[in-house]
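Spelled out, the chains give:
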Amino acid sequence: MTRPSDDRAAAILAVVRSIPRGRVTTYGGVAARAGLPRQARLVGKILSGLPGNSRVPWHRVVASGGRIAFPAGSESRAKQIERLRAEGIESVRGRVDVSRHGWATPAGDLDRWLWSGGE
DNA sequence: CAAATGACGGGGT
DNA sequence: AACCCCGCCATTT
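Read on for a plain summary of the structure. (Residues numbered from 1 in each chain as written. Chains lettered and ligands numbered in written order. Predicted model: local features only at pLDDT ≥ 70, side-chain atom pairs only at ≥ 80, totals over all residues. Heavy atoms only, no water.)

**Regarding the overall build of chain A**
Note the following rule: The numbering of helices and of strands both runs from the N terminus, where a helix is a DSSP run of H or I of at least 4 residues and a strand a run of E of at least 2. For each residue, the accessible area found with a 1.4 Å probe, counting protein chains only, is set against the maximum for its type, and the residue is called buried under 20%, exposed over 50%, and partly exposed in between. Here the accessible surface of atoms and residues is derived via Shrake-Rupley with a 1.4 Å probe, and residues count as covered only by protein chains that are part of the display.
The number of helices and strands found in chain A is 6 helices and 4 strands. Listing every helix and strand of chain A by position from the N terminus yields α-β-α-α-β-α-β-β-α-α. Counting every position in chain A, which comprises 119 residues, the buried fraction comes to 37%. When the accessible surface of chain A is totalled, it reaches about 7600 Å², and 51% of it is carbon and sulfur.

Written out as structure tokens, the structure reads:
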């Protein structure tokens, strides 16, 4: 099966599944948490392969700066925005406020958090 | 093996 | 903000 190494996919999906409801993180963030630094694109690749009925909360993964990665007008774009709103995450012009809804980033201590390596 | 491809990231204009 | 360009990296052509 023409699919990226299963263990890497598993690690990535495990991280995505662990994103708390009402929180978002970035592709790069997921990659880092999965022990795959600099492989944000692989995260996108894996998520793109999820079946439509998947229960994995892929909608909690956004691009850098809180950008919704899907092109304007696309079905997935609308779906993600709708799902995020359903958990209390508002998006303005395809952007979510990461400082407010970012995963494990207690607004105000971002620098210290990054310095200590997250967690 | 070289070139192209991405649900990306960062910087510059 | 809107673009463009380049770096990064596993996969695919």
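Next comes the rest of the description.
**Focus: the protein's contact with DNA strand B**
For the record, the criterion: Note on terminology: near, applied to a residue and a molecule or strand, indicates that one of the residue's heavy atoms is within 4 Å of it. A 3.5 Å cut-off defines polar contacts: any pair of N or O atoms within that distance qualifies, except that in protein one atom must be a possible hydrogen donor and the other a possible acceptor, and neighbouring residues in sequence count only when both atoms are side-chain atoms.
The environment of DNA strand B is made up of 13 residues, and the closest members are Tyr27, Gly28, Arg41, Ser48 and Ser64. Backbone polar atom of Gly28 to a phosphate oxygen of DNA strand B: 3.0 Å apart, as the coordinates give it. A total of 5 residues in the surface near DNA strand B trace back to one element, the largest contributor, which is helix 3 (residues 40-48).

**Observations concerning the side chain of Ser54**
Relative to the elements of secondary structure, Ser54 occurs in the loop between helix 3 and strand 2 (61-62). Within the structure, Ser54 has its side chain in polar contact with the backbone nitrogen of Val56 (distance 3.1 Å).

**Examining the packing of helix 1 (residues 6-17) against helix 3**
Operational definition: Angles shown run from 0 to 180 degrees and are taken between the N-to-C directions of axes, each axis being a line fitted to C-alpha atoms and, for helices, limited to the stretch in contact. The scheme is simple: roughly parallel for angles under 35 degrees, roughly antiparallel for over 145, roughly perpendicular for 65 to 115, oblique for anything else. Whether two residues touch is decided by their heavy atoms; if any such pair falls within 4.5 Å, the residues are in contact.
The N-to-C vectors of helix 1 and helix 3 enclose an angle of 85°; their axes lie 10 Å apart at closest approach. In terms of their interaxial angle, helix 1 and helix 3 are classed as roughly perpendicular. Along its contact with helix 1, which presents Arg8, Ala9, Ile12, Leu13 and Val16, the element helix 3 presents Leu42, Val43, Ile46 and Leu47.

**Some remarks on the environment of Leu36**
With respect to the element layout, Leu36 can be found in the loop between helix 2 (27-33) and helix 3. A relative accessible area of 11% places Leu36 in the buried class. Beyond its immediate chain neighbours, meaning those up to four positions away, Leu36 contacts Arg8, Ile12 and Ala31.

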